[in-house]
4 protein chains.
Amino acid sequence: MTTIKIGQVGLGRLGKVHAQNVVNHIPNAELWAVASIVQEELDFARNVLGVRHCYDSYTDMINNDELDAVIIVSPSGFHTVQITQALEKGLHVFSEKPIGLEMRSIESVVQKIEEKQNLVFQLGFMRRFDASYQYAKELIERGELGELTSIRCYGIDPHSGLDSFIAFASNAASGGIFLDMSIHDIDLIRWFSNSEFKSVYALGNNIAAPKLSEYSELETGACLAELENEVIVYLLAGRNAMHGYHVETELIGTKGMLRIGNAPEKNLVTLYDSNGVVRPTSHHFPERFREAFINEIQTFVDAIIGNKNSVVTGIDGLKSTEVAIAMQKSFDEKKVIYL
Amino acid sequence: MTTIKIGQVGLGRLGKVHAQNVVNHIPNAELWAVASIVQEELDFARNVLGVRHCYDSYTDMINNDELDAVIIVSPSGFHTVQITQALEKGLHVFSEKPIGLEMRSIESVVQKIEEKQNLVFQLGFMRRFDASYQYAKELIERGELGELTSIRCYGIDPHSGLDSFIAFASNAASGGIFLDMSIHDIDLIRWFSNSEFKSVYALGNNIAAPKLSEYSELETGACLAELENEVIVYLLAGRNAMHGYHVETELIGTKGMLRIGNAPEKNLVTLYDSNGVVRPTSHHFPERFREAFINEIQTFVDAIIGNKNSVVTGIDGLKSTEVAIAMQKSFDEKKVIYL
Amino acid sequence: MTTIKIGQVGLGRLGKVHAQNVVNHIPNAELWAVASIVQEELDFARNVLGVRHCYDSYTDMINNDELDAVIIVSPSGFHTVQITQALEKGLHVFSEKPIGLEMRSIESVVQKIEEKQNLVFQLGFMRRFDASYQYAKELIERGELGELTSIRCYGIDPHSGLDSFIAFASNAASGGIFLDMSIHDIDLIRWFSNSEFKSVYALGNNIAAPKLSEYSELETGACLAELENEVIVYLLAGRNAMHGYHVETELIGTKGMLRIGNAPEKNLVTLYDSNGVVRPTSHHFPERFREAFINEIQTFVDAIIGNKNSVVTGIDGLKSTEVAIAMQKSFDEKKVIYL
Amino acid sequence: MTTIKIGQVGLGRLGKVHAQNVVNHIPNAELWAVASIVQEELDFARNVLGVRHCYDSYTDMINNDELDAVIIVSPSGFHTVQITQALEKGLHVFSEKPIGLEMRSIESVVQKIEEKQNLVFQLGFMRRFDASYQYAKELIERGELGELTSIRCYGIDPHSGLDSFIAFASNAASGGIFLDMSIHDIDLIRWFSNSEFKSVYALGNNIAAPKLSEYSELETGACLAELENEVIVYLLAGRNAMHGYHVETELIGTKGMLRIGNAPEKNLVTLYDSNGVVRPTSHHFPERFREAFINEIQTFVDAIIGNKNSVVTGIDGLKSTEVAIAMQKSFDEKKVIYL
């Protein structure tokens, strides 16, 4: 059995998820090396995950001749450079979203990806690999909903993370709520509709977190958009869901409609207590998308071994970023933006 | 338009429901008279409902020559006598359940009902008149579930009434949980299955209300029964539902299954809050069966006017009581009882 | 007991609902007279409902000196004139929505309503009287959701009515989907938010009914709006719900969120069959809002008897129409409209 | 990192699930050897899973000196002998349920397990390892439901397997529906209640599959039981669920109630179509308990490595079998059986 040797950069919250998945759930991959500038992360990799090659420099890591591929989970600002470096070294690349923060560097990284046809590049839009999303995609492809007429996407982070986002926002720019959060939904919309965004119009407010206005950030952002195939799209992003991690997608078609995550049910338990009839909810993305994170890396590894095409491409990264930036511009300039 | 003149005995909690329904929602009936030994109840009838003929004696009331029919909502011990008296006076009779407390007097009242073929007699099994139950009945009659194989009925009163039941039980006998509560479910089972009970085996406990053991009452009673058509039946009665008034019926057939009241949803609201995803619940029978109470009286009045047969007969009262008594006997004697 | 004598104009589908409710469920009102130019409607009133005074002219009806109030269920184009005539006759007025079709005549009817302070005027926004909506309103007023941040309203008519709408649209103008359908939601948003619309931006498509484009009508209309208190609003109106009559409202607040009609559940039955786990759905507005239609007329009658203020005013009619017209204009002109 | 070398006997439907899990999802275990008398199963192990040591004899396999542990997924009749042989060889044992088919041999295998204190023995009650069941167990242990008063367990296999069961039953004995199916629920009840069965009373019918009566099998079996701590238990087992694989557990306590699998939801998708509002359902145990099967083997391997006690013991196997046999006896003899 072929085994892919992977080097991963970044072992923060999401980085740990990927690293543990490679070690425990991807039989034909090995976490051969890690790179981080945080000593605890390297210690974790060495002691808990048993990784033998630990580096404090990404460049050093990708110079390890045994590597086949890299997983990039570093801060977003490093993505374009690290993707380019890895591709030039002849390494397959899995990169977390976003592919980059501004269009010029994204365009050149996408060009680089296209030059390296023999290398697999995959972007971390894990929702596409979730069983519920795949089930929905299949229904749509089979025509069960008829032709799509409207799509609604909600991505609302749990209230429990609001304070730490406010603290973060006081020091750093997130890129805005659309680039930071809606990008997953933008990708889903492109994936489900097989169409591109034509126009966007965005609103936002900070009623639930007035402090964010000082940092030019939004607690709630909303966008009404039209796709090239006339489908109407509504996106809502937020940072204050009291009931958990609310990721919901609604697809209305000429023959029926469906919702994924109408309620972010944690499991199959229903409680009947003094509150009423209660479905406990999922509060964290690693819980909600546990299997999707495994599946996306398995798909990446299988594409390398099987010489298959990537299923989430650089173009997907470029297009979704372009739309997110247009949404932010629409909000800033208070007008409809045509793409 | 013909208007039926009704005299009602008893204006307690359920009595008030009936009286107000006659006044407000039954256009072809009039609450002509009431009888009660409680002065406040008579005052309520006169002042709030505008009833002109108020009596402190049932006998006096039924002597009012203008009356067409009576509604009996007195304590269960009076039912057989009052039904008999009214029938002998030539009055149509709607009586709350149970038809009576012991078999001999029930048998003679049923005989009296059968003698008076020209009078409508209807027993207060209101669940049959609930929109959800009627929808289920229709599905079954149309064969959508195929042949029935098993039925489950839950009737669990809300915790909020437990203390007052314990107080009541310290002074008086309820007849036992099966006669007091399960009788509604026994009727539903006979109605849905078109069959009769063959055997019953009952258990019970007072884990949630140990005090009830002192009064030979049960907080929880359960019964496994077999019908003559081999359908398996499970009944659960309880007095301690924390989440509300839990009346649930499950029908399993060869082609599908259905549940009525899987959750006692109060309305169409869903809350997403720190408890999770919550459906508020109904806590009171007058709320849950609000329309059923109207419908059953409307049906009674329409049967009088239209000379139609009663839809809940004396036999239904007799049979359901017989089964409830057998369940209690099974629990007391710890053995299977065959009917 | 005071009884209000009501004259009703119009006995079409919704007219019949109101007339039957007055006859059967409003104890302190009497359907004294009806007016219609359709003979079958007058026959129905006379023979089925027992109405004694039947007119083929609205003017004749309101000349009946015994009348206390009118219920107007005529085509929308007649509303402003008929309201004005009735008020001038000294009659209390309940009028179906919309209050009128264009702003000038609405403004003058609203002025008339304000002059006649001693007369009750109520507009037919029945959703406010639905138990689920009232429950939600109460939660909001009690602060259970905190401050509102975003509202979503869906009003999607069942597919079963699409063909007849297409036929209708080939001959007549509906006023556009926003005036025809979203006006209920606009009213709900004003009611829940205690705020007014600041801006609207609308899109629409006819993917599910291309024919409608020929008649300048929309099958799907959508609008992103901002209220004066910064709350973000999304409305979706449609004419092609395969699963039934989908009226849904979502309220997101700083402390929690709620949905009314997340699924248009018909009753408390759940089916478990070869389709999966199925909640049957409501397909008609008279079913979904059965009790709301009763409650709104009861409220109107009680306001007359008790000398109370109207709860749905002429201003509510004027404001909601103004917003609906702005939405249509936004769609037509493809730009954001500020109110 | 220590790696446990596992030999597995049996590679049928469930056997394949276990073998693939060991290969793909248990990082500290290796599928070192397999034994089967079916050539295709050995080919699958060698070619698809890459297993190097393939045997056509269980005895030969356990003679492989490198083995640390065995996984037994052979027909139930072999379990006691194979468990005993493995333990005598000094191997840790994971065995599928049931531990055996009749009490005498089970007792001696349990004695053998207890002698071999240093070896881990774990029985395949995978439901205990399902996220929903573990969540429920935790709530109960934390006292969130108060003291348990009643438990209901449903295990209804999908209709799609009924014909093949009828074919199977024409040739072989399943041991009866209680031993074949309810044993999982019996184990869950003992686990949740921390109590033992005191009495059982069982009924059954074949309305949905009359043919089964010829083979002394049941399509539907039901049992009302009492535990030593007075908790009332109801079990229903069936072979004809039209909607999928219905495994449901209800726990009623003095402070609240909960249900696991009220509906066997397949994922987070809700469909709104001409059937109503539909939750797609899970139709197969490998789908429903996918993660539980992984978790139970991971727990077994971790217990070996960490020298921990087994969490599903031989006693659990013996007790659950004893109860299932008593249920069958109750049905056969039509009387209450006391344990």
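Everything numeric here is computed off the predicted structure, so don't read it as measured data.

**Examining the relation of the copies chain B and chain D**
Rotating chain B by 180° and moving it 0.0 Å along the rotation axis overlays it on chain D with an RMSD of 0.0 Å. On this basis, the relationship between the two copies can be described by a two-fold rotation axis. It is Leu 224 of chain B whose C-alpha, among those of chain B, lies nearest the rotation axis, at 3.1 Å.

**Description of the side chain of His 25 of chain B**
Topologically, His 25 of chain B is positioned in helix α1 (residues 13-25). Among the polar contacts listed, one links the side chain of His 25 of chain B to the side chain of His 25 of chain C, at a separation of 2.9 Å. Look past the residues within four positions of His 25 of chain B in its chain and what remains in contact with it is Gln 20, Ile 294 and Gln 298 of chain B together with Asn 24 and His 25 of chain C.

**Re the pattern of salt bridges**
Residue and element names in this part refer to chain D. Summed over all chains, the structure comprises 100 salt bridges over all chains. The residue Asp 180 makes a salt bridge to Arg 239 at a minimum N-O spacing of 3.3 Å. Here Asp 180 is found in helix α8 (residues 177-193), whereas its partner Arg 239 is found in strand β10 (residues 232-241), with 59 residues between them in sequence.

**Considerations on the environment of Asp 302 of chain D**
When you line up the elements, Asp 302 of chain D lands in helix α11 (residues 290-306). Residues in contact with Asp 302 of chain D, not counting those within four places in the same chain, are Asn 28, Asn 307 and Lys 308 of chain D.

**Structural notes on the nonpolar core**
Ranked by size, the top nonpolar core spans 212 residues in total, and within it Val 70 and Phe 197 of chain C together with Met 61, Val 70 and Phe 197 of chain D carry the most contacts. Ignoring sequence-local partners within four residues, the contact set of Phe 197 of chain D consists of Ile 186, Ile 189, Arg 190, Ala 225, Glu 226, Leu 227, Glu 228, Val 233, Leu 235, Val 323, Met 327 and Leu 339 of chain D. Ranked by size, the runner-up nonpolar core spans 211 residues in total, among them Ala 136 of chain A, Met 181 and Ala 237 of chain B together with Val 278 of chain D.

**Considering the UniProt feature "domain: Gfo/Idh/MocA-like oxidoreductase N-terminal" (unreviewed entry) in chain A**
When the UniProt feature table is mapped onto this chain, "domain: Gfo/Idh/MocA-like oxidoreductase N-terminal" (unreviewed entry) is found at residues 4-121 of chain A. The span residues 4-121 of chain A carries 43% helix and 21% strand; its end-to-end C-alpha distance comes to 15 Å.

**Things to note about the interface of chain A and chain C**
With 43 residues of chain A at the contact, the number on the chain C side is 43 residues. A combined buried area of about 3100 Å² lies between chain A and chain C, and 63% of that area is made up of carbon and sulfur atoms. The three residues of chain A that bury the most area against chain C are Ile 207, Leu 224 and Ile 232 of chain A, which together make up 19% of that side's buried surface. If you look at where chain A meets chain C, you find two salt bridges. With a closest N to O distance of 2.6 Å, Arg 259 of chain A and Glu 248 of chain C form a salt bridge. Applying the counting criterion to the chain A and chain C interface returns 15 residue pairs in polar contact (both at pLDDT 80 or more). Of all elements in the fold, only β7 (148-158), β8 (197-205), β9 (220-227), β10 (232-241), β11 (246-253) and β12 (256-260) of chain A reach the threshold of two or more residues within the side of chain A that touches chain C.

**Let's talk about unusual backbone geometry**
Cis rather than trans, the peptide bond between Lys 97 of chain C and Pro 98 of chain C has omega equal to -5°. We note that Lys 334 of chain A has phi near 55°; this positive angle belongs to a residue other than glycine. As for its position among the elements, Lys 334 of chain A is in the loop between α12 (314-333) and β15 (337-338). Exposure remark for Lys 334 of chain A: the relative accessible area of 53% places this residue in the exposed category.

**Points about the interface of chain B and chain D**
Listed by partner, the interface residues are 43 residues for chain B and 43 residues for chain D. Between chain B and chain D lies a buried interface of about 3100 Å² when both sides are counted; carbon and sulfur atoms form 63% of it. Linking chain B with chain D are 15 residue pairs in polar contact (both at pLDDT 80 or more), by the criterion used here. Those elements that place two or more of their residues in the side of chain B that touches chain D are β7 (148-158), β8 (197-205), β9 (220-227), β10 (232-241), β11 (246-253) and β12 (256-260) of chain B. Residues that form the side of chain B that touches chain D fall into these classes: 20 nonpolar, 14 polar and nine charged.

**A few points about the sheet that holds strand β4 (residues 69-72) of chain C**
Residue and element names in this part refer to chain C. Pairing in this open sheet of six strands is parallel, and the strands run β3-β2-β1-β4-β5-β6 from one edge to the other. For this open sheet the edge positions go to β3 (53-55) and β6 (121-123), each flanked by a neighbour on one side alone. Neighbour to neighbour, the strand axes of the sheet diverge by 20° on average, direction disregarded. As judged from the six bridges shared by strand β1 (residues 4-9) and strand β2 (residues 29-35), these two strands associate in the parallel manner. In the sheet register, Gln 8 faces β2, and the bridge partner there is Val 34.

Conventions used here
- Residues numbered from 1 in each chain as written.
- Chains lettered and ligands numbered in written order.
- Predicted model: local features only at pLDDT ≥ 70, side-chain atom pairs only at ≥ 80, totals over all residues.
- Heavy atoms only, no water.
- Least-squares fit on C-alpha atoms with pLDDT ≥ 70 in both.
- Helix = DSSP H or I, 4+ residues; strand = E, 2+ residues; numbered from the N terminus.
- Polar contact = N/O pair within 3.5 Å; in protein donor to acceptor, adjacent residues only side chain to side chain.
- Contact = heavy atoms within 4.5 Å.
- Salt bridge = Lys/Arg side-chain N within 4 Å of Asp/Glu carboxyl O.
- Core = buried A, V, L, I, M, F, W, Y, C linked by side-chain atoms within 4.5 Å.
- Buried < 20%, exposed > 50% of the residue type's maximum accessible area, 1.4 Å probe, protein only.
- UniProt positions renumbered as here; feature names shortened; annotations may be inferred.
- Buried area = accessible area lost by both parts, 1.4 Å probe.
- Nonpolar A, V, L, I, M, F, W, Y, C, P; charged D, E, K, R; others polar.
- Pairing = 2+ DSSP bridges.
- Axes fitted to C-alpha atoms, helices over the stretch in contact; angles between N-to-C directions.

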